[in-house]
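# Structural overview for review
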Amino acid sequence: MPRGSKDKYTAEQKRKAEHIEDSYEKKGVSKDEAEARAWATVNKQSGGGDKAGGSGRKKPASAKSEDRQESSRRAVASRKGHTRNSKASRDTQTVDSLMKEARDKKIPGRSSMRKQELIEALRKAS
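Reading guide: rules and limits
- Residue positions are given per chain, counted from 1 along the sequence in the order it is written.
- Predicted model: local features are reported for residues with pLDDT of at least 70 only, side-chain atom pairs are reported and counted for 80 or more only, and whole-chain, interface and lining totals are derived from all residues.
- Side-chain measures were taken over the full set of non-hydrogen atoms in the model, leaving aside hydrogen atoms and water.
- Segments assigned H or I by DSSP are reported as helices when at least four residues long, segments assigned E as strands when at least two residues long, and all are numbered from the N terminus.
- Under the scheme applied here, a residue whose accessible area is under 20% of the maximum for its type counts as buried, over 50% as exposed, and between as partly exposed, the area being computed with a 1.4 Å probe on protein chains only.
- Residues are treated as being in contact if the distance between any of their heavy atoms lies within 4.5 Å.
- Residue burial considers only the protein chains on display, and all accessible areas are found by Shrake-Rupley using a 1.4 Å probe.
- Both cavities and pockets are sets of points on a 1 Å grid over the protein atoms alone; in a cavity a 1.4 Å probe fits but cannot get out, in a pocket the set is open with protein on both sides within 12 Å along at least five of seven lines, and lining residues sit with an atom within 4 Å of a point.
- Grid points are joined across faces, edges and corners, and a volume is the space filled by probe spheres set on the points.
- Polar here means any residue outside two lists: the nonpolar Ala, Val, Leu, Ile, Met, Phe, Trp, Tyr, Cys and Pro, and the charged Asp, Glu, Lys and Arg; Gly therefore counts as polar.
- Residue types Ala, Val, Leu, Ile, Met, Phe, Trp, Tyr and Cys, when buried and joined through side-chain atoms within 4.5 Å, form a set referred to as a nonpolar core.
- By convention, a stacked pair of Phe, Tyr or Trp rings (six-membered ring in the case of Trp) has centres within 6.5 Å and planes under 30 degrees apart, an edge-to-face pair has planes over 60 apart, and any other such pair is tilted.
- Placement of a charge over a ring requires the Lys NZ or Arg CZ to be within 6 Å of the ring centre, with the centre-to-atom vector within 35 degrees of the ring normal.
- Comment: arc refers to directions from the helix axis out to C-beta atoms.
- Polar contacts here mean pairs of N or O atoms no more than 3.5 Å apart (in protein, one a potential hydrogen donor and the other a potential acceptor; neighbouring residues in sequence count only if both atoms are side-chain atoms).

### Observations concerning the overall build of the protein chain
When its secondary structure is counted, the protein chain shows six helices and zero strands. If you list the helices and strands of the protein chain from N to C, you get α-α-α-α-α-α. For the protein chain, the proportion of its 126 residues judged to be buried stands at 28%. By sequence separation, contacts in the protein chain at least 24 residues apart represent 39% of the contacts at least 6 residues apart. For the protein chain, the accessible surface area stands at approximately 8,600 Å², while carbon and sulfur atoms represent 49% of it.

Listed below in structure tokens is the structure:
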């Protein structure tokens, strides 16, 4: 079960989490796991509770928008049956997200690579 109070979340965020939780439960995920995943998704997309009095660490609107777009791209790819590491899934990712993945895997020369080169390097590194 997710920790902490949900008082700092807006009604829209709470509705979104409930809808996501219902979707996971329909897929056969346990109630606790579905709730945890739902709140993690809401936090990823909106940067946490939007009401005043929070921790003071908020994502800028542009970062929230980028996270929503990336999340929807991944969702579309998975609906088409592509896993996150598949070629089709990587083709749908942005260069920025590919660059972050390459940085995490410490791929040398990544800063001068084009998108296709990043995809190939990530495929080899997997």
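### Examining the layout of surface pockets
Considered as a void within the structure, the largest pocket measures approximately 800 Å³ in volume. Tyr24, Thr41, Ser71, Arg74 and Ala75 are the residues nearest the centre of the largest pocket, which is lined by 24 residues in total. For the lining of the largest pocket, the secondary structure elements donating two or more residues are α1 (11-26), α2 (31-46), α3 (61-79) and α5 (95-104). Looking at side-chain class alone, the lining of the largest pocket contains four nonpolar, ten polar and ten charged residues.

### What to know about the nonpolar core
Leu98, Met99, Ala102, Ile107, Leu118, Ile119, Ala121 and Leu122 together form the largest nonpolar core, which totals eight residues. Of all the secondary structure elements, the ones that give two or more residues to this core are α5 and α6 (115-125). Of all the elements, α6 adds the most residues to this core, at four residues. Dropping the residues within four chain positions of it, Leu122 is found in contact with Arg90, Leu98, Glu101, Ala102, Lys105 and Ile107. One finds Tyr9, Ala17, Ile20 and Val42 within the second-largest nonpolar core, a separate group that totals six residues.

### Quick word on the environment of Ala17
Of note, Ala17 is situated in helix α1. What Ala17 contacts, discounting residues up to four positions off in sequence, is Ala38, Trp39 and Val42.

### Overview of the packing of aromatic side chains
Counted by the stated rule, this structure contains one aromatic pair. The aromatic ring of Trp39 is capped on one face by Lys6, whose charged end is 4.8 Å from the ring centroid.

### Observations concerning unusual backbone geometry
Its identity is not glycine, yet Lys106 carries a phi of approximately 55°, on the positive side. Along the polypeptide, Lys106 turns up in the loop between α5 and α6.

### Here we look at α6
Among all positions in α6, only Leu118, Ile119, Ala121 and Leu122 are buried. An end-on view of α6 places all buried positions within 165° of arc, on one side of the element.

### A few points about the side chain of Gln13
Along the chain, Gln13 turns up in helix α1. Separated by 2.9 Å, the side chain of Gln13 and the backbone nitrogen of Thr10 make a polar contact.

Taken by themselves, the reported measurements are silent on function.
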